[in-house]
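Read off the chains here:
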Amino acid sequence: MKNNYYAIACEDLKYLQATLFLPYYNQISVQAQQVAEKMLKSVAERSCVDIEKLMLSHNLRGLYSQIHQNDQQFCLDMGKLSMLKDFFYDAKYPGNNFVTVTKEECQECLDTMYDVIEQVNLFRERCGLDIFDMQRIGLQQ
């Protein structure tokens, strides 16, 4: 495995897809957020400047906004990114905001993650970079 955000995100995706038959929707949603975050960071580090603080955060919307400012072709749904970001904390840690993720919500998280991956792969294609050939795999029965 290569030591970069894209390669690590691809490995995380492979692991996530291997667990989709399990009914642990909170963990799957958290992992989907992690894949999306690393994918976005793989683009941000190539297309943005002065974002060191943002690269240390889990702010999907912030990463996307910076990328989109520099590349108008890179388009994602900000609301879906917000939902995915919220599940990273709310499904992972106890507290007043803790949620139990439903199967339907988990599938939404996966769909958003795959949307991010598709945009990242289009960006990488435009830059002449290698692309991980992934399939959209949903929750299994």
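The numbers attached to residues start from 1 for each chain and follow its sequence in the written order. The model is predicted, so local features are restricted to residues of pLDDT at least 70 and side-chain atom pairs to those at 80 or more, both for listing and for counting; the totals for chains, interfaces and linings are taken over all residues. With hydrogens and water excluded, all non-hydrogen atoms of the structure serve as input to the side-chain values.

### Structural notes on the nonpolar core
In step 1: Buried Ala, Val, Leu, Ile, Met, Phe, Trp, Tyr and Cys residues that are joined via side-chain atoms within 4.5 Å together make up what is termed a nonpolar core. Only protein chains enter the accessibility calculation, which uses a 1.4 Å probe. A residue is then buried if its area is under 20% of the maximum for its type, exposed if over 50%, and partly exposed in between. Met-39, Phe-74, Leu-110 and Met-113 are the most contacted members of the largest nonpolar core, which totals 45 residues.
In step 2: Here a helix means four or more residues in a row that DSSP labels H or I, a strand means two or more in a row labelled E, and each is numbered from the N terminus. Elements with a contribution of two residues or more to this core: helix H1 (5–18), helix H2 (25–47), helix H3 (52–55), helix H4 (60–70), helix H5 (78–90) and helix H6 (103–127).

### Observations concerning the environment of Met-83
In step 1: With respect to the helices and strands, the residue Met-83 is situated in helix H5.
In step 2: The contact criterion used throughout is that any non-hydrogen atoms of two residues lie within 4.5 Å. The contact partners of Met-83, leaving out residues within four places of it in the chain, are Glu-108, Cys-109 and Thr-112.

### Examining H5
In step 1: Its 13 residues place the ends of H5 18 Å apart at the C-alpha level, agreeing with the 18 Å of an ideal helix rising 1.5 Å per residue.
In step 2: For H5, every residue scored as buried is listed here: Leu-81, Ser-82, Met-83, Leu-84, Lys-85, Phe-87 and Phe-88.
In step 3: Buried residues along H5 sit against H2, H4 and H6.
In step 4: N-cap assignment for H5: the residue whose side-chain oxygen lies 2.8 Å from the backbone N of Gly-79 is Asp-77. Here the expected length of a helix is defined as 1.5 Å per residue gap, with one fewer gap than residues. Pairs of N or O atoms within 3.5 Å make up the polar contacts considered here, provided that, within protein, one atom can donate a hydrogen while the other can accept it, and that residues adjacent in sequence are counted only when both atoms are side-chain atoms.

### A look at the packing of H4 against H5
In step 1: Helix axes are fitted to C-alpha atoms over the stretch in contact, other axes to C-alpha atoms as well, and angles between N-to-C directions run from 0 to 180 degrees. For the pair H4 and H5, the least separation of the axes is 8 Å and the interaxial angle reads 145°. Listed contacts from H5 to Leu-60, Arg-61, Tyr-64 and Ser-65 of H4 are Met-78, Leu-81, Ser-82, Leu-84 and Lys-85.

### Regarding the side chain of Glu-37
In step 1: Inspection of the secondary structure assignment puts Glu-37 in helix H2.
In step 2: The exposure class of Glu-37 is buried, given its relative accessible area of 5%.
In step 3: Those residues in contact with Glu-37 that sit more than four places away from it in its chain are Ser-57, His-58, Leu-60 and Leu-63.

### A few points about the side chain of Lys-38
In step 1: Tracing the chain through its elements places Lys-38 in helix H2.
In step 2: For Lys-38, a relative accessible area of 18% puts it in the buried group.
In step 3: Sequence-distant contacts of Lys-38, that is, excluding residues within four places in its chain, are made with Tyr-5, Ile-8, Ala-9 and Asp-12.

### Considerations on the packing of aromatic side chains
In step 1: Between the rings of Phe, Tyr and Trp (Trp by its six-membered ring), a pair exists once the centres lie within 6.5 Å; its type follows the angle of the planes, with under 30 degrees stacked, over 60 edge-to-face, and the other angles tilted. Counted under the stated rule, the structure contains three aromatic pairs.
In step 2: Plain terms: the ring middles of Tyr-64 and Phe-74 are 6.2 Å apart, the flat faces sit at 40° to each other, and that makes the pair tilted. Taken together, the positions of Tyr-64 in helix H4 and Phe-74 in the loop between H4 and H5 put the pair ten residues apart, joining distant regions of the chain.
In step 3: We classify Tyr-64 as buried; its relative accessible area is 6%.
In step 4: With a relative accessible area of 0%, Phe-74 lands in the buried category.
In step 5: Each ring, one from Phe-88 and one from Tyr-89, has its centre 5.0 Å from the other, and the planes form 80°; the classification is edge-to-face.
In step 6: Given the relative accessible area of 2%, Phe-88 is considered buried.

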